[in-house]
Amino acid sequence: MKVTELGIDGAWLFEPTTFPDHRGSFTAPFQGSAFREALGFDLHVAQSNRSVSRRGVIRGLHFADVPPGQAKYLHVAAGAVRDVIVDLRVGSATFGSYEVVDLDSEQPKAVYLAEGLGHAFQALADDTTVDYLCSASYDPAAEHGITPLDPDLALPWADDLEPVLSDKDRDAVTLQHALVSGMLPTRKLCDARYEQLRAGR
C-alpha cells in the first residue's frame, strides 16, 4: 500500500496493490495497518455508506460540526469520479484551498479526509459507485453544505459535463456566507480532535 499525504494537512491518498489472475482481480482498498502507520491512530468506523450516481452528478460540498466531526475514507467500486477535498478549518494555513484526485475502479485508489475538511465529487461515468467508511454516524443536525458551484472556490468540475445536483446541494450557501455566519469548524477545535485520536480517546 502506497500512502501519500496531500497538500492539505489531514488529506491522504492510499494506493493499494491489485492482484489480477485468470479469475479477475483482488484489491484491499482499506488496510488498517497501513492507515495506522501513516496517521498514528486507528480509523474508527461508525457507518459505511454507498452512493450510486449517474454521469455528471455532483455530491457535496459537505462537512460536519467539530466536535466530533466526520472523517471519511472512500474509494470507487465502479465507474470514476473527480474527488475534491476543501480545507474549511478557520485559522488553517490552507483555508479555502482544495485538492483534486481522480479516482476510478480500474486503478483502485482511496482518499482519507480528516474532521473539518469538506468533501465533494463529480461522477464521470454512469452508475458510478462510491463506498465510504465514516468515523461518525450521520447526524442531520450537525451536517452542513456549501454550494459546489461557489464561484469564489471555482472547483474544477469537468467542463464537458452538465452538473446534476440535489436541491439541498444546489441551495447550499457560499463559503463566504458560511464563514460570516460561523458555520465552519475552527482549526483549533480540529487540532484538539486530532490529538484525541492520536491519544486513543
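The protein is annotated in an unreviewed UniProt entry as dTDP-4-dehydrorhamnose 3,5-epimerase from Pseudonocardia parietis. Quoted verbatim from the Sequence similarities (unreviewed entry) field of UniProt, the annotation for the protein is "Belongs to the dTDP-4-dehydrorhamnose 3,5-epimerase family."

Draft legend 1. Quick look at the layout of surface pockets. Volume-wise, the largest pocket comes out at about 380 Å³. Around the largest pocket sit 20 residues that line it, and Arg 59, His 62, Lys 72, Tyr 132 and Glu 143 are the ones nearest its centre. Residue classes in the lining of the largest pocket are distributed as 7 nonpolar, 8 polar and 5 charged. When its volume is computed, the second largest pocket comes out at roughly 190 Å³. What lines the second largest pocket is a set of 16 residues, and nearest its centre among them are Asp 9, Gly 10, Phe 41, Tyr 194 and Arg 198. For the lining of the second largest pocket, the secondary structure elements donating two or more residues are helix H1 (32-39) and helix H4 (187-198). When residues of the lining of the second largest pocket are assigned to their parent elements, the largest contribution, 5 residues, is made by H4. Of the residues assigned to the lining of the second largest pocket, the class counts are 8 nonpolar, 1 polar and 7 charged.

Draft legend 2. Highlighting the sheet that holds strand E12 (residues 128-134). The 6 strands are arranged E1-E2-E10-E7-E12-E5 in an open sheet whose pairing can be described as antiparallel. A strand with exactly one partner marks an edge of an open sheet, and here the two such strands are strand E1 (2-5) and strand E5 (47-53). Taken pair by pair, the neighbouring strands of this sheet meet at an average axis angle of 20°, ignoring direction. Strand direction decides the pairing type here: strand E7 (residues 72-78) and E12, joined by 6 bridges, are antiparallel. The partner of Tyr 73 across the bridge, within E12, is Leu 133.

Scoring rules and cut-offs
- Residues numbered from 1 in each chain as written.
- Predicted model: local features only at pLDDT ≥ 70, side-chain atom pairs only at ≥ 80, totals over all residues.
- Heavy atoms only, no water.
- UniProt positions renumbered as here; feature names shortened; annotations may be inferred.
- 1 Å grid on protein atoms, 1.4 Å probe; cavity = no way out; pocket = protein on both sides within 12 Å on 5 of 7 lines; lining within 4 Å.
- Points joined across faces, edges and corners; volume = space filled by probe spheres on them.
- Nonpolar A, V, L, I, M, F, W, Y, C, P; charged D, E, K, R; others polar.
- Helix = DSSP H or I, 4+ residues; strand = E, 2+ residues; numbered from the N terminus.
- Pairing = 2+ DSSP bridges.
- Axes fitted to C-alpha atoms, helices over the stretch in contact; angles between N-to-C directions.

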